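Chain by chain, the residues:
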Amino acid sequence: MQTSRIRIMGILNVTDDSFYSKSRAVTEDAMISLIDRHIKEGADIIDIGGCSTRPGSVPADARTEWERIRPALRIMVTRYPGIPFSVDTFRSGIVRRCYDEFGPFTVNDISAGEDDPRMLRTVASLGLGYIAMHKRGTPSTMQGMCEYGDVVADIVGYFRRFAVKAGDMGIEDWILDPGFGFAKTISQNYEMLDRLAEFKVLGRKILVGISRKSFIYRALGITPEEALDATTELHRKAVANGADILRVHDVAAAAALR
């Protein structure tokens, strides 16, 4: 099976509360160390997040988010020029500040523009790349919003509607993230993975973010720290079923699937 097309997105959480402790980097030295490792292990892009959105969490405010990600962005553009990076945010104000100070990047938005009505227009006006993820509700409410007629068909329909909205705003080139772990039950997450190829009908690159997530480790009765082997097997399945980008904590293990 040819998998060299797969791109690897290395996770850099500049927070103190992300669910997997080894993804956290709250000092500049820790940020540099983790970015170095991701790049040496084969990451194609670094995804920088300053606001944890794990189920049950209360997101940091915009000021805190900016204060967290600004040093990481400065490190990226000064120490790693030419290495692509994305910013994991649902706030258009953060997007604008990042662009004004550090230039172009990709916006990785867990809300597909729903949490900030100015997001899509801001992305379009700045000509930025965009990743649209499906979720429902907020991190504190999403796990009570898992009712679907057919989880895959319903989310395909959601992205068909998003495509129209994005096109009207001037965003034509965007990446699809089905939103594993966000407003889906354990069984729904595995069903989406089994049927991942059905999202190809939308004609978009597909990003899969499943690394060490709770639907993996809870189903196995283990911890996030013990979930690498299971994550790697599911990454293998995601690649076979049509994933284009893997968003991961463990770059070397994912890059080995190429």
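Relevant structure appears above.
Our subject in this report is the structure included herewith.

Here is what the cut-offs are and how they apply
- Here, residues in each chain are numbered from 1, in the same order as that chain's written sequence.
- The predicted nature of this model means local features are confined to residues of pLDDT at least 70 and side-chain atom pairs, given and counted, to a pLDDT of 80 or more, with totals for whole chains, interfaces and linings taken over all residues.
- Side-chain measures here rest on the full set of heavy atoms in the structure, leaving out hydrogens and waters.
- Counted as salt bridges are all cases of a side-chain nitrogen of Lys or Arg within 4 Å of a carboxyl oxygen of Asp or Glu.
- By the criteria applied, helices consist of DSSP H or I runs no shorter than four residues and strands consist of E runs no shorter than two, each listed in order from the N terminus.
- Each residue gets one of three labels from its accessible area relative to the maximum for its type: buried under 20%, exposed over 50%, partly exposed in between, using a 1.4 Å probe on protein chains only.
- The axes are straight lines fitted to the C-alpha atoms, using for helices just the contacting stretch, and the angles between their N-to-C directions are given from 0 to 180°.
- Should an angle lie under 35 degrees it is considered roughly parallel, over 145 roughly antiparallel, and from 65 to 115 roughly perpendicular; all remaining angles are considered oblique.
- We call two residues in contact when some of their heavy atoms are within 4.5 Å.
- Charged residues are taken to be Asp, Glu, Lys and Arg, nonpolar residues to be Ala, Val, Leu, Ile, Met, Phe, Trp, Tyr, Cys and Pro, and polar residues to be all remaining types, Gly included.
- Expected helix span is computed as 1.5 Å times (number of residues minus one).
- Here, strands pair whenever DSSP counts at least two bridges between them.
- Assignment of crossover handedness uses the view with strands pointing away from the viewer, where a clockwise path from the first strand over the helix to the second indicates a right-handed crossover.
- Buried residues of nine kinds, namely Ala, Val, Leu, Ile, Met, Phe, Trp, Tyr and Cys, make up a nonpolar core once their side-chain atoms join them within 4.5 Å.

On to the pattern of salt bridges, then. With the rule as written, the count across this model stands at 18 salt bridges. Notably, a salt bridge pairs Asp115 with Lys135, separated by 3.2 Å at the nearest N-O pair. Residue Asp115 is located in the loop between strand S4 (106-109) and helix H4 (119-126), and its partner Lys135 is located in the loop between strand S5 (129-133) and helix H5 (151-169); the two are separated by 20 residues in the primary sequence. For Asp115, a relative accessible area of 37% puts it in the partly exposed group. Residue Lys135 is classed as buried on the basis of its relative accessible area, which comes to 7%.

Moving on to the packing of H5 against helix H6 (residues 186-194). Across the interface, H5 lies against H6 with an axial gap of 9 Å and an inter-helix angle of 70°. Classified by the angle their axes make, H5 and H6 are roughly perpendicular. For the pair H5 and H6, contact is made by Val151, Val152 and Ile155 and by Gln188, Glu191 and Met192, respectively. Tallied by class, residues from the contact of H5 with H6 come to four nonpolar, one polar and one charged.

Here we come to helix H2 (residues 62-79). Along its 18 residues, H2 runs 26 Å from first to last C-alpha, staying within 8% of the 26 Å computed at 1.5 Å per residue. Every buried residue of H2 is listed here: Glu65, Trp66, Ile69, Pro71, Ala72, Leu73, Ile75 and Met76. Where the residues of H2 are buried, they touch strand S1 (7-13), helix H1 (28-40), strand S2 (45-49), strand S3 (85-88) and helix H3 (92-102).

What follows is about the sheet that holds strand S7 (residues 207-208). Consider a sheet: its strands pair through backbone hydrogen bonds, and that pairing is either parallel or antiparallel. Taken in spatial order, the eight strands of this open sheet run S6-S5-S4-S3-S2-S1-S8-S7, and their pairing is parallel. Every other strand in the sheet has two partners, leaving strand S6 (174-177) and S7 as the edge strands with one partner each. Summarising the sheet, S1 and strand S8 (residues 245-248) pair through four bridges and their orientation is parallel. The residue of S8 that forms the bridge with Ile8 is Leu246.

Before going further, it helps to spend a moment on the side chain of Thr232. Structurally, the position occupied by Thr232 is in helix H8 (residues 228-240). Once residues within four sequence positions are removed from consideration, Thr232 is found in contact with Ala253 and Leu257.

On to the pairing of S5. The side chains of a regular strand alternate between the sheet's two faces. Counting buried residues in S5 gives four out of five residues, a clear majority hidden from the surface. Looking at chain direction, S4 and S5 are connected through four bridges and run parallel. The partner of Asp109 across the bridge, within S5, is Ala132. Assessed by its sense of winding, the connection that carries the chain from S4 through H4 to S5 is right-handed. Across four bridges, S5 lies against S6 in parallel orientation.

Next up on the list: the nonpolar core. Side chains of nonpolar character tend, in soluble globular proteins, to be buried together. Counting residues in hydrophobic clusters, the biggest one holds 78 residues, and the most contacted among them are Ile48, Phe199 and Leu246. For this core, the element with the most residues is H5, which contributes eight residues. When sequence neighbours within four positions are dropped, the list of residues in contact with Ile48 reads Leu12, Val14, Ile69, Ala72, Leu73, Met76, Phe85, Ser86, Val87 and Asp88.

Quick look at the side chain of Gln188 now. Counting through the fold element by element, Gln188 comes out in helix H6. With a relative accessible area of 12%, Gln188 lands in the buried category. Ignoring any residue separated from it by four or fewer positions in sequence, one finds Gln188 in contact with Cys146, Tyr148, Val151 and Ala183.

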